Amino acid sequence: MKTKALIPAALFLAVACVSIFLQPCSLTHMQNCGLFLLTPDWFREVLSGPHPVSETVASFLVQFYDIPVVGALIVAAIITLTYLFLNAALRRFRLPCHRLVSLLGALALWFFTSRLASNQIPVMVMLIAAGLALVSLLIRKKKEKPAARWEFPAALVLTLAVAALIGTDARTVRQERLAKVEINAVLHHWDKVLEVATPENSEKDPRLMPYAFLALGEKGTLGDNAFKYPLTSPDDFAMEGQNTLVANLFNSLLNECLHVPNEAIHQMFQFSAHLPHGMSHLSLYQLIKYNLENGNYTLARKYAEILKHNVKSHSVAKKVLKTYADAVDVADTTGHSSAHSLVMTKDAQINLAQMNTLGMSTPNSVNRFLCYQLLYGDLENFKRSMETLTWPKNKIPVNYQEGLLLSEIDLVYWDIDDKVLKRFNAFTDAVMKGDNEAIRRTALGNYWGYYILIKDKELSGRDSDAEFPGS
Amino acid sequence: MIIIAAALVLLSSCGRPSTFAESEEYPPIWPDYVGVTVPPDMASLTFRMSDGRKFTQKREMRDGTEWISVKAWNKGDKQGVAYKPFPVYRSEDPIDPYIVYRLIDPGYQSWHSITITQRELSSYKETHIVSSESDTRGCMNCHTFYNGDPQHMVLHARGRGGGTVFIDGDEVKLLNIATIGPKLQGVYPAWHPGGRYIAFSSNSTHQSFTIADRQPIEVYDTRSDIILMDLQTDSVTTYPALVGAEYLETFPAWSEDGKTLYYCSADFVEEIVNNRSQVHYRLMAIDFEDGQFVGEPRLLWEDPDGSVSFPRCRDGLILFTHSSFGTFPIWHEEADLWFFDPETGEAAPVEELNSDGTESYHSWSSNGKWIVFSSRRDDGRFTRLYLAHYAGDGHFDKPFMLPQKNPSHNDLRLKSYNVPDFIRSESPVRQKEIARLFAK
């Protein structure tokens, strides 16, 4: 390989490796949020926008980002081409050290764009650099000076330094973690969600917690693990009432899992409204899925017809259209007429209770309801709810046992594990003695720790000593 | 040349069967244009086979009727089907050259962009008059024109810095009606035929999302009144019988002579979300003389099991939307268009216009010979526009979907059509002028 090709080759390799190994889910997330359609409305909107060319190119490319290798190669190509165009232009402008200056430009672009959730800016910069390179052709070519010996090692060091910077950048790491959790939640890969949404990672990024609880709920282990997470209030449990891109996606997935398609669709539209085209590849996929699950084949076909006009998803959409070509819409089987059907409220607990009234409860929704009661410290109602449920021998989830022990239960009637009881006795002893270190130790990672926290909050300003009904 | 011509012939006939079985049935096409009546200068009606088959068509004009012959086949078929030619009747009644509508995302509480758009009916030309980019993505709604004149327009912009935009020729101004007089916001407008006054309903609108129901949303008002704006003095007044918490007054509409204001009114209901089925809007009227309302409101028609929305008067008949309850029929699958005859005091559905899906907002053309209305009959979620010729005596000819240059555009559009109205000439694009109002 010629020495002058070493810099772009190293740059390409570095960007591709970092993208594929450290940011694969961020790339997929970009694809999820982007939209490219060969439809008149799509082109009309883009062409009337402020950056029609870069947006068209960026949107076209982003549709392939969900295959991380392809996405990484495209990102690497964009950054490398930017370097090559810049270098071609600066060389003609006779700038000294043009290779290093161009590399610095490309590296800055890489670092900056690694933190973005869109590929439009790098594409735009690449196109501007291409324009510069074209303009520079007007300048007479001069014999190129050979590169100084130190240039290539310096370029390599710089590239590796930026790669390391991106790899350890807290914001980029957080972005990748959240993207990984979101993508796996979309796919219902709950174990993979829990690999990332751990209590430790949730300390650094509380946005992971709702996903952890959703995954635990779907796996049926919510009642055993919820309070291992750094919960500080009921708000940490979900993203209720929030209207952000992250929250709307989560709320859509949550309602999908709870089998509330109306709300799942509602939240998917809300999610889409934050995006540049008011719709995205993911939105279309999810709307097809929700409508199929809901038996609304007419609408599912409509969205599939639209998705068919996406280059990457054409064949998937065609398959959906073929499979459901003759499917007849399922009539409303809920038996609830619009006039009397219950409506969503801003209170998750009420919504879950209403689902129960409608006979729509799932194991996940029941567990979430119980967790909310614990989260609000509503031990009396928690105990009553527990009394209505039947638990197999030795199967009461640990956090629920912890909640029951605080609600002054008669131990004869409840199947409390000896280990939990022993821990509880140690905890109450510590509370009675006012031994803060022992309280911290015995309440760590369980419901009692959370209970102390909320009671402290309630009592702050009056009396810092929490009352423990079980003590 | 010969080779190219031969190749073209080969290509055009590629996959097409050589024989066709004659059918006595009309072709199953979408949109359904079989036997519809169109205005004299309507853009050509384009369609596809509803089952996706390939097809050819031949059009022939005979005695003012266009006859369309369709031959259809599936890929690989040895024999196709030659359907019975279907008629498209050309009416002699002219139609206004443009319609204006709002394009909005069909779902729910937020949106990416809203445009108020015009469409030339003799072609497929569509231009945005204004988009929500101009008011920093706030909601734009309820545009109205004085007598179909695009030089006189009113639209409401909600959100930060919002208000009502008044356009009078080149003069464009933004007024926050909520700060004038009775301090009530203007929502649904009705421009008096004399041009000086606009009656607005002032609505406090909310929406709820159902947990489990085919109808996902219910939109309702917790308070609504009717106010009157004088455009000469920029003042707003109220009339005691049209304001107050006891009744919910909404959807004002003037009679053609301007002497009567029609509107809808329902009793206020406590805890309206849970008692929404009890909200039944009646059709009301009140007299208007010398720039003010006079006398007591008159009940024209009521249905204890139904609700009236969007009364629109023409030739002594009132066309309105009937739903089982409430004030937002577009989400009600059962909503239909009905006629009310003030002479007989009776109302009945207009069967020719209605379907199993929603029929809702509607407007008359300036000569009263055509209507444009919104319907969700095609997929239950996306609102599309239909036009229909008024045949007289309370009857319409078969309605037809607003045609597009490529019929698949009806499938591919991700927006709903909303609040359609006719205008008599092309509207200037107002984007920059309106954006300037919101930049201040």
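Keep in mind that this is a model prediction, so the values were computed, not measured. Starting afresh in each chain, residues are numbered from 1 along the sequence in its written order. Lettering for chains starts from A, numbering for ligands starts from 1, and both go in the order in which the items are written. Totals for whole chains, interfaces and linings use every residue, but because this is a predicted model, local features are given only for residues with pLDDT of at least 70 and side-chain atom pairs only at 80 or more, for both listing and counting.

## With respect to the overall build of chain A
Phase 1: Here a helix means four or more residues in a row that DSSP labels H or I, a strand means two or more in a row labelled E, and each is numbered from the N terminus. Each helix and strand counted, chain A has 25 helices and zero strands in total.
Phase 2: When its C-alpha atoms are laid out on the principal axes, chain A stretches across 95 × 60 × 40 Å.

## Considering the overall build of chain B
Phase 1: Looking only at helices and strands, one finds three helices and 33 strands in chain B.
Phase 2: In this treatment the radius of gyration is a C-alpha quantity, and the globule benchmark scales as 2.2 Å times the residue count to the 0.38 power. Its C-alpha radius of gyration of 24 Å places chain B within 12% of the 22 Å reference for a compact globule of 440 residues.

## Examining the sheet that holds strand β13 (residues 149–157) of chain B
All names here are of chain B.
Phase 1: When DSSP finds at least two bridges between two strands, those strands are taken to pair. As summarised here, the arrangement of the four strands in space is β12-β13-β14-β15, forming an open sheet in which the pairing is antiparallel. The open sheet is flanked by β12 (140–146) and β15 (171–175), the only strands paired with a single partner. With direction set aside, neighbouring strand axes in the sheet form an average angle of 15 degrees.
Phase 2: Two elements, strand β14 (residues 163–168) and β15, share five bridges in a ladder whose sense is antiparallel. When the sheet's bridge partners are listed, Ile 167 is paired in β15 with Val 172.
Phase 3: Two residues form a contact once the distance between their C-beta atoms, set from the backbone, is within 7 Å. Axes here mean lines fitted to C-alpha atoms, for a helix over just the part in contact, with angles spanning 0 to 180 degrees between N-to-C directions. Each of β14 and β15 touches helix α3 (residues 431–439); the most contacted strand, β15, lies at about 35 degrees to it.

## A word on the domain arrangement of chain A
Phase 1: As assigned here, chain A comprises domain 1 (3–139 + 148–171) and domain 2 (386–471).
Phase 2: A straight line from the C-alpha centre of domain 1 of chain A to that of domain 2 of chain A covers 55 Å. Domain borders in the structure are assigned automatically or taken from a domain database.

## Observations concerning the interface of chain A and chain B
Phase 1: Counting from both sides, the interface comprises 35 residues of chain A and, opposite them, 31 residues of chain B.
Phase 2: Taken together, the elements giving at least two residues each to the side of chain A that touches chain B come down to α3 (40–47), α15 (261–273), α17 (297–307) and α19 (348–357) of chain A.
Phase 3: Considering each element in turn, the side of chain A that touches chain B owes the most residues, eight residues, to α15(A).

## Notes on the pairing of strand β11 (residues 126–131) of chain B
Phase 1: Taken together, the five bridges between strand β10 (residues 115–120) of chain B and β11(B) define a ladder with antiparallel strand orientation. Paired with Gln118(B) across the bridge in β11(B) is Thr127(B).

## Overview of the domain arrangement of chain B
Residues and elements named next belong to chain B.
Phase 1: Parsing chain B into structural domains produces domain 1 (21–90) and domain 2 (98–439).
Phase 2: If you average the C-alpha positions of domain 1 and of domain 2, the two centres end up 35 Å apart.
Phase 3: The interface is formed by 15 residues belonging to domain 1 together with 17 residues belonging to domain 2.
Phase 4: Under the scheme applied, nonpolar residues are Ala, Val, Leu, Ile, Met, Phe, Trp, Tyr, Cys and Pro; charged residues are Asp, Glu, Lys and Arg; polar residues are all the others, including Gly. Here the residues of the side of domain 1 that touches domain 2 are counted per class, giving nine nonpolar, four polar and two charged.

## Considerations on the environment of Glu66(B)
Residue and element names in this part refer to chain B.
Phase 1: For Glu 66, the location among the structural elements is in strand β6 (residues 65–73).
Phase 2: Residue classification places Glu 66 among the partly exposed positions, given that 18 C-beta atoms sit within 10 Å.
Phase 3: Beyond its immediate sequence surroundings of up to four residues, Glu 66 is in contact with Arg 59, Met 61, Val 88 and Arg 90. Buried, partly exposed and exposed are defined by the number of other C-beta atoms within 10 Å of a residue's own C-beta, namely 20 or more, between the two limits, and 12 or fewer respectively, with C-beta atoms placed from the backbone.

## Quick look at helix α16 (residues 281–293) of chain A
Residues and elements named next belong to chain A.
Phase 1: By definition here, a helix of n residues has an expected span of 1.5 Å times n minus one. With 13 residues, α16 extends 19 Å between its outermost C-alpha atoms, agreeing within 8% with the 18 Å of an ideal straight helix rising 1.5 Å per residue.
Phase 2: Residues of α16 that are buried include every one of His 281, Leu 282, Ser 283, Leu 284, Tyr 285, Gln 286, Leu 287, Ile 288, Tyr 290, Asn 291 and Leu 292, and no others.
Phase 3: As for α16, its buried residues are in contact with α2 (24–33), α14 (245–257), α15, α17 and α18 (314–323).
Phase 4: After α16 finishes, the residue Gly 295 shows a positive phi value of roughly 75 degrees.

## Here's the deal with the packing of helix α22 (residues 398–406) of chain A against helix α25 (residues 447–459) of chain A
Residue and element names in this part refer to chain A.
Phase 1: One can describe the packing of α22 onto α25 by two numbers: an axis separation of 9 Å at closest approach and a directional angle of 50 degrees. Looking at the two axes, α22 sits oblique to α25. Contact residues: α22 offers Asn 399, Glu 402, Gly 403 and Leu 406, while α25 offers Tyr 447, Trp 448 and Tyr 451.
Phase 2: For the contact of α22 with α25, the residue count by class is four nonpolar, two polar and one charged. Working rule for angles: under 35 degrees goes down as roughly parallel, over 145 as roughly antiparallel, 65 to 115 as roughly perpendicular, anything else as oblique.

## Here's the deal with the packing of helix α1 (residues 6–22) of chain A against helix α5 (residues 68–92) of chain A
Residues and elements named next belong to chain A.
Phase 1: As a packed pair, α1 and α5 sit with axes 8 Å apart at the nearest point and diverge in direction by 145 degrees. The chirality of how α1 crosses α5 is right-handed. Residues Pro 8, Leu 11, Phe 12, Val 15, Ala 16, Ser 19 and Ile 20 of α1 form the contact with α5, whose own contacting residues are Pro 68, Val 69, Gly 71, Ala 72, Leu 73, Val 75, Ala 76, Ile 79, Thr 80, Tyr 83 and Leu 84.
Phase 2: Residue composition of the contact of α1 with α5, grouped by class: 15 nonpolar, three polar and no charged. Each helix crossing is assigned a hand: it is left-handed if the near helix lies turned anticlockwise from the far helix by less than a right angle, otherwise right-handed if that turn is clockwise.

## Side note on unusual backbone geometry
If a residue is not glycine, its phi is most likely negative; likewise, a peptide bond is most likely trans.
All names here are of chain B.
Phase 1: Backbone torsion omega between Trp 30 and Pro 31 reads -5 degrees, so that peptide bond is classified as cis.
Phase 2: Structurally, Pro 31 is set in the loop between β2 (29–30) and β3 (37–38).
Phase 3: With phi around 50 degrees, Asp 290 is a residue other than glycine that occupies positive phi space.
Phase 4: You can see Asp 290 is positioned in the loop between β22 (282–289) and β23 (292–301).
Phase 5: Assessed through the 5 C-beta atoms surrounding it within 10 Å, Asp 290 is described here as exposed.
Phase 6: With a phi angle near 50 degrees, Val 419 is a residue other than glycine that sits in the positive phi range.
Phase 7: Its location among the elements puts Val 419 in strand β33 (residues 416–423).
Phase 8: Residue classification places Val 419 among the buried residues on the basis of 21 C-beta atoms within 10 Å.

## Focus: the environment of Ile68(B)
Phase 1: Tracing the sequence through the fold places Ile68(B) in strand β6.
Phase 2: Excluding anything up to four places from it in sequence, Ile68(B) contacts Gln57(B), Arg59(B), Pro85(B), Phe86(B) and Val88(B).

## So, the sheet that holds strand β20 (residues 247–254) of chain B
Residue and element names in this part refer to chain B.
Phase 1: Across the sheet, four strands lie side by side as β20-β21-β22-β23; this open sheet has antiparallel pairing. Looking along the sheet, the strands with just one partner apiece sit at the ends: β20 and β23. Averaged over all adjacent pairs, the angle separating strand axes in this sheet is 30 degrees, with direction ignored.
Phase 2: In this structure, β20 lies alongside strand β21 (residues 260–267), joined through six bridges in antiparallel fashion. If you follow Trp 254 over to β21, its bridge partner there is Leu 261.

## What about the pairing of strand β29 (residues 370–375) of chain B?
Residue and element names in this part refer to chain B.
Phase 1: The buried fraction of β29 is high, at six of six residues.
Phase 2: With burial as the criterion, each face of β29 is covered, one bearing Trp 370, Val 372 and Ser 374 and the other bearing Ile 371, Phe 373 and Ser 375.
Phase 3: Taken together, the four bridges between strand β28 (residues 359–364) and β29 define a ladder with antiparallel strand orientation. Paired with Ser 363 across the strands is Val 372, a residue of β29.
Phase 4: The loop that links β28 with its antiparallel partner β29 comprises five residues; one of these, Gly 368, has a positive phi angle of about 70 degrees.
Phase 5: Two strands pair when backbone bridges link them, and β29 and strand β30 (residues 384–392) are joined in this way by six bridges, in the antiparallel orientation. Looking at β30, one finds that Ile 371 is bridged to Ala 388.

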